[in-house]
Amino acid sequence: MAFPQQRLRRTRRTAGLRGLVRETRLSPQDLVYPIFVTAGEDVRNPVASMPGIFQLSINHAVTEALRAHDLGIPAVLLFGIPDQKDEAATGAYDPEGIVQLATRAIKEAAPELLVVTDVCLCEYMSHGHCGVVEKETGEVLNDVSLELLARTAASQAEAGADIVAPSDMMDGRVAAIRSELDNEGFENTPIMAYAAKYASAFYGPFREAADSVPQFGDRRSYQMDPANAREALVEAGLDIEEGADIVMVKPALPYLDVLRRVRETTDLPLAAYNVSGEYAMVKAAAQNGWLDERRAVIEALTGIKRAGADIIITYHAPDAARWLST
Ligand code: PBG
């Protein structure tokens, strides 16, 4: 007599039964596609460390967003590369800034596609840090930065952003952004907070793509130590108290345990960011013929969902959406 477990194992050879007992279902609807929007006309700069990803001027960003939308992807996440940087990140909260303009253009072309905007200062700062830096000490000033982050979020909401996503990791930013959004009449704009954002080597390719390599020092004073998991629960708890509507863990694959633990402590929607370095690894191996890209991507994204993510932000989104529907 076979044990029931064995019976299932044997019949799982048929696709129908495999489908029936599958615990995790990945769908294009789970995905958010990051897009790098750059100033300039008709630009399509390939990002060398991220094959398939480009810095796109607004016209091309709209085309790319429409392509994602047609594939059933519900949201894009916009990062901006301004033509000018300074020490006050002026481009981040300029009503005519790159993300604000791109948001308007995408919302006009595809009103149902959700536009999520990155709220951070690093791409707009000449020194590449996520906050205001004190000249003498090189220290990142938390509270001064909050004001600029809040202004950035409000200007993005004004431009039509459906969700704002602060990725800077300054203390108190969710509360500061929430109160500014409310004051400006955007009470219904949700905040997706990067609750647990680790100081990770896997952001390397992003910094090339977003042109935000810190000119001195590193981000360890405001990003988390990869060795800490409980701290992520504290961070998530603070962001939730401050008014986050969605919390995020980032990166994804080296932190699936953190994702699971955050999942167990909140019933809010949970996002995971499958970051640039995770994308680059799969792409590089696939280009060498060392991995079956399609299988590796679906397996990784399924693993992220299995660990507890409701939302997966990934540069693989269009490919994955295509593969999932064929
Ligand atoms: C900026 C920001 C980073 C990422 C998202 N927002 C880089 C960083 O903190 O250095 C990384 C995303 C990726 O690697 O794909 N604060």
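Scoring rules and cut-offs
- Residues numbered from 1 in each chain as written.
- Predicted model: local features only at pLDDT ≥ 70, side-chain atom pairs only at ≥ 80, totals over all residues.
- Heavy atoms only, no water.
- Helix = DSSP H or I, 4+ residues; strand = E, 2+ residues; numbered from the N terminus.
- Rg over C-alpha atoms; globule rule 2.2 N^0.38 Å.
- Buried < 20%, exposed > 50% of the residue type's maximum accessible area, 1.4 Å probe, protein only.
- Areas by Shrake-Rupley, 256 points an atom, 1.4 Å probe, with all protein chains shown as cover.
- Lys, Arg positive; Asp, Glu negative; His and termini not counted.
- Charge placed at Lys NZ, Arg CZ, Asp CG, Glu CD.
- Near = heavy atom within 4 Å.
- Polar contact = N/O pair within 3.5 Å; in protein donor to acceptor, adjacent residues only side chain to side chain.
- 1 Å grid on protein atoms, 1.4 Å probe; cavity = no way out; pocket = protein on both sides within 12 Å on 5 of 7 lines; lining within 4 Å.
- Sits in = over half its atoms within 2 Å of the grid points.
- Nonpolar A, V, L, I, M, F, W, Y, C, P; charged D, E, K, R; others polar.
- Patch = residues over 30% accessible without salt bridge, like charges linked within 9 Å, V, L, I, M, F, W, Y side chains within 5 Å.
- Salt bridge = Lys/Arg side-chain N within 4 Å of Asp/Glu carboxyl O.
- Phe/Tyr/Trp six-rings, centres within 6.5 Å; stacked < 30°, edge-to-face > 60°.
- Lys NZ or Arg CZ within 6 Å of the ring centre and 35° of its normal.
- Disulfide = S-S within 2.5 Å.

A.B. asks: What should I look at first to understand the overall build of the chain in this one?
C.D. replies: Within the chain one finds 13 helices and 12 strands. Taking 326 residues into account, the globule formula puts the C-alpha radius of gyration at 20 Å, and the chain, at 20 Å, falls close to it. Out of the 326 residues in the chain, the part that is buried amounts to 54%. Accessible area for the chain stands at about 14,700 Å²; split by element, carbon and sulfur atoms hold 50% of it. When the 32 basic and 47 acidic side-chain charges of the chain are each reduced to a single mean position, those positions are 15 Å apart.

A.B. asks: Explain the site of the ligand to me, please; I cannot follow it from the model alone.
C.D. replies: Not every one of the 17 residues close to the ligand is listed here, only the nearest: Arg207, Arg219, Lys250, Ser276 and Tyr315. One nitrogen or oxygen atom from the side chain of serine 167 is found 3.2 Å from a nitrogen atom belonging to the ligand. Contacts to the ligand include lysine 197, whose side-chain N or O atom sits 2.8 Å from an oxygen atom. Cavity membership is defined here by more than half of the atoms lying within 2 Å of grid points; on that basis the ligand lies in the largest cavity. Partitioning the shell around the ligand into residue classes produces 10 nonpolar, 3 polar and 4 charged.

A.B. asks: Looking at this structure, I do not really get unusual backbone geometry. What am I missing?
C.D. replies: A negative phi angle is the norm for most residues apart from glycine, just as the trans form is the norm for most peptide bonds. Residue proline 251 follows lysine 250 across a cis peptide bond; omega there is -10 degrees. Tracing the chain through its elements places proline 251 in the loop between strand E10 (246-250) and helix H10 (256-265). Notably, aspartate 42 is not glycine yet its phi reads approximately 55 degrees, a positive angle. Relative to the helices and strands, aspartate 42 is located in the loop between strand E1 (31-38) and strand E2 (44-46). We classify aspartate 42 as exposed; its relative accessible area is 56%. At methionine 169, a residue that is not glycine, the phi angle is positive and equals roughly 75 degrees. Looking at the element boundaries, methionine 169 is found in the loop between strand E8 (163-166) and helix H7 (173-183).

A.B. asks: I would appreciate a short explanation of the environment of glycine 277 in the present structure.
C.D. replies: Inspection of the secondary structure assignment puts glycine 277 in helix H11 (residues 276-287). Taking C-alpha positions, glycine 277 is 27 Å from threonine 152, a pair spaced 125 residues apart along the chain.

A.B. asks: What am I meant to see in a nonpolar patch on the surface here?
C.D. replies: Side chains of Leu8, Leu20 and Val21 sit close together on the surface and give an oily, nonpolar patch of about 270 Å² of accessible area. Mapped onto the fold, leucine 20 is located in helix H2 (residues 15-20). Look at leucine 20 and you get exposed, because its relative accessible area is 69%.

A.B. asks: Would you explain the packing of aromatic side chains in this entry?
C.D. replies: Each aromatic ring pair is specified by the distance between its two centres and by the angle formed by the two planes. Under the counting rule described, the total for this entry stands at 8 aromatic pairs. On the basis of an interplanar angle of 10 degrees and a centroid distance of 6.0 Å, the ring pair of phenylalanine 36 and tyrosine 315 is categorised as stacked. Of this pair, phenylalanine 36 sits in strand E1 while tyrosine 315 sits in the loop between strand E12 (311-314) and helix H13 (317-324), and the two are 279 residues apart along the sequence. Taking the relative accessible area as the measure of exposure, phenylalanine 36 reaches 0% and is therefore buried. Assessed through its relative accessible area of 3%, tyrosine 315 is described here as buried. Grouped by ring-pair contacts, the aromatic residues Phe36, Phe79, Tyr194, Phe206, Tyr273, Tyr279 and Tyr315 constitute a single cluster. Against the face of phenylalanine 54 rests arginine 44, its NZ or CZ located 4.1 Å from the ring centre. In this structure, lysine 250 packs its charged tip against the face of tyrosine 203, placed 4.6 Å from the ring centre.

A.B. asks: Would you take a moment to explain the state of the cysteines for this structure?
C.D. replies: Chemically, a disulfide is nothing more than a covalent bond linking the sulfur atoms of two cysteines. Counted according to the given criterion, the structure contains 0 disulfides. Free cysteine: cysteine 122, not disulfide-bonded; nearest cysteine sulfur from cysteine 120 at 3.8 Å. Cysteine 130 takes part in no disulfide bond, and the closest cysteine sulfur to it belongs to cysteine 120, at a distance of 3.6 Å. What makes cysteine 130 buried here is its relative accessible area of 1%.

A.B. asks: Is there a simple way to think about the pattern of salt bridges in this case?
C.D. replies: A side chain of one charge can pair with a side chain of the opposite charge if their charged atoms are brought near each other. Per the counting criterion, the structure on display carries 14 salt bridges. The partner of arginine 263 in a salt bridge is aspartate 310, and the shortest N-O contact between them spans 2.9 Å. One end of the pair, arginine 263, is in helix H10; the other, aspartate 310, is in the loop between helix H12 (293-307) and E12, and 47 residues separate them in sequence. Given the relative accessible area of 18%, arginine 263 is considered buried. Owing to a relative accessible area of 37%, aspartate 310 belongs among the partly exposed residues under this scheme. Between lysine 283 and aspartate 319 there is a salt bridge, with its nearest N and O atoms 3.8 Å apart. Remark: aspartate 319 occurs in helix H13 and lysine 283 occurs in helix H11; sequence separation between them is 36 residues. With relative accessibility at 10%, the residue lysine 283 sits in the buried group.

That's the geometry; what it means functionally is another story.
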